[in-house]
Every structure is written in structure tokens, then in C-alpha cells.
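# Understanding the architecture of this molecule
Here is how the chains run, residue by residue.
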Amino acid sequence: MLILHGIGTAARALEPGEARFWLSRDRFCALLDRIVAMGPAAPQITFDDGNASDIEIALPELTARGLSAAFFLLSDRLDRPGSLGSGDVTALAEAGQVIGLHGHVHRDWRHLDSETRRQEFRDARSRLADLSGRPITLAAAPFGLYDRRVTTLLAAEGIEALYTSDWGRASGRRFLRPRNCIDATMDDAALSAALEGRVPLYRRPRRLLGLARKRLLPRGQAA
């Protein structure tokens, strides 16, 4: 699975370090062409954050190639400059795209209290469901951060799968589904590895350590 973010020129202020995850339109289209050429081996495409380019660029280019994607959205960013509008969420769903939960605001789910948990998991999900006309059953952790407490809470809320930023290949129908993040600094070898779900050698030690902290330590110790 792939994670994409913005395409083209951002029309909102970006968070520190976010700019590297924006692709030019030409590079995005070239990536989609490679995905089409992969046929049945092609990875699932996902988008995080709900940028306006999801509807302005991504949807037309996906549609032109007969592709679909999952869009993980932040409810608080809807209708803000540079982000999707409420009607855009409806349009994406009506075009056959999947709408998923990325939360209310872009914050670490490991440190939620009862009030912010309600905002992030229930209120945000309810708004997205109303706009898309479908239940929201998939979620993506902001910043790729989660722990056993987060997975337990999401499962209790009825979320069927949590999409992560852990790299690797998603297998079967497991609750945790790793994704490979595409950024503008990737060379062809790194891009090929991401498309095929291969973890580059230099990422493997840190990935294994991160997975152990996120999935194996008792709740609250992965923060």
C-alpha cells in the first residue's frame, strides 16, 4: 500500500517537514502510470490529510486510469483554504472512492483524553459518514503513531483496520495494515521498493524496533 499526500502547489501553510511529501503533478501521473502497468500486483493507493489536490488533481487522474483510492480525512480541515470542502467528500464517495478516518485535527492519538478521544474517533467519524453516505470503517494514524491502547480503542469503536506508516506489505485482512510513504526525494530504486512493498535495507532495523514498541510493549509505553 502507498501513502500519498499533496500534489502540485500547496494552497495552505504546511507543517514542518511536510513539503517533502508533496509531488509535482507530472511525477504523480508518472507514478499512476507505473501502478497501472503493474496490473494485479499493483499496490492499494491511499491519501492522507484531505488536501484540495485530492479532488482537483488526484480524482480526475485516478478516474482517467480506472483506479481507485482510500482518502483518510481530517474533519476539522474540511472547508478550510487548501483542503477539501464538505461537498468534495461527497463527490469522492459518489465517484467510488473510499473515505477513511484520519481524525479531527492532526494530532498524536496516543495521548488522547476522554474529550479529545470523542472528537477524534466519534465526532470526526460521524461527520465523514454523513458526508460520504457510508459507514467509516477504516482509519489511518496521524504521523503513523499508535500503540496497543490506540488499536484497542479503535477496535472498540468499530474500526475494522488501522492503516499505518510502518512500511512493508500488507497481508490478508489484518487489523494493522502497513503502508509505504511516497515522497519527492525518492530515487527510482526507492520508488520501486515502495511500489512492491519491499523494505529497504537501511529502514529494516528502525522498522523492527518501531514495530516492537508499537505492538508489543504494554499500553502507554510506546509514547
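Scroll up to find the structure this text is about.
So, here is what we can say about the structure in this document. Keep in mind that this is a model prediction, so the values were computed, not measured. (Residues numbered from 1 in each chain as written. Predicted model: local features only at pLDDT ≥ 70, side-chain atom pairs only at ≥ 80, totals over all residues. Heavy atoms only, no water.)

## Some thoughts on the overall build of the chain
In terms of regular secondary structure, the chain is built from 7 helices and 8 strands. In the chain, buried positions account for 51% of the 223 residues. Partitioning the contacts of the chain with sequence separation of at least 6, the portion at a separation of at least 24 is 67%. Accessible surface, the chain: about 10,300 Å² in total, of which carbon and sulfur atoms supply 53%. (Helix = DSSP H or I, 4+ residues; strand = E, 2+ residues; numbered from the N terminus. Buried < 20%, exposed > 50% of the residue type's maximum accessible area, 1.4 Å probe, protein only. Contact = heavy atoms within 4.5 Å. Areas by Shrake-Rupley, 256 points an atom, 1.4 Å probe, with all protein chains shown as cover.)

## Focus on helix α4 (residues 114-132)
In a regular helix each residue adds 1.5 Å, so 19 residues correspond to 27 Å; α4 covers 26 Å between its end C-alpha atoms and thus fits that length. The largest bend along α4 measures about 25° and falls at E120. Residues of α4 that are buried make contact with β3 (69-74), α3 (86-94), β4 (98-103) and α5 (148-156). The N-cap residue of α4 is D113: its side-chain oxygen and the backbone nitrogen of E115 are 3.1 Å apart. One or two steps after α4, the chain reaches G133, where phi turns positive at roughly 75°. (Expected span 1.5 Å × (residues − 1). Bend = angle between axes of the 7 residues up to and from the residue. Polar contact = N/O pair within 3.5 Å; in protein donor to acceptor, adjacent residues only side chain to side chain.)

## Section: helix α2 (residues 53-64)
With 12 residues, α2 ought to run about 16 Å at 1.5 Å a step, and its terminal C-alpha atoms sit 16 Å apart, in line with that. Among all positions of α2, only S53, D54, I55, I57, A58, L59, E61 and L62 are buried. Buried positions along α2 lie against α1 (25-37), β2 (45-48), β3 and α3. Downstream of α2 by one or two residues, G66 has phi in the positive range, about 70°.

## A word on the side chain of H5
As for its position among the elements, H5 is in the loop between β1 (2-4) and α1. Ignoring anything within four residues of it in the chain, the contact list for H5 reads F21, F47, D48, D49, N51, S53, D54 and C181.

## Focus on the nonpolar core
Ranked by internal contacts, the top residues of the largest apolar core, which has 49 residues, are I45, F47, I99, W109 and I182. Sort the elements by how many residues they give to this core and α2 lands first, with 5 residues. Discounting residues that sit within four places of it in the chain, I45 has contacts with L2, L4, L32, I35, L62, L67, S68, A69 and A70. Residues L138, A140, A161 and Y163 belong to the second largest nonpolar core, which totals 7 residues. (Core = buried A, V, L, I, M, F, W, Y, C linked by side-chain atoms within 4.5 Å.)

## So, the packing of aromatic side chains
Scanning the model with the defined rule gives 4 aromatic pairs in all. Aromatic pair F47 and F71: ring centres 4.8 Å apart, planes at 5°, arrangement stacked. Of this pair, F47 sits in strand β2 while F71 sits in strand β3; the two residues are 24 residues apart in sequence, bridging distant segments of the chain. With relative accessibility at 0%, the residue F47 sits in the buried group. Site record: aromatic cluster; members linked through ring pairs are F28, F47 and F71. (Phe/Tyr/Trp six-rings, centres within 6.5 Å; stacked < 30°, edge-to-face > 60°.)

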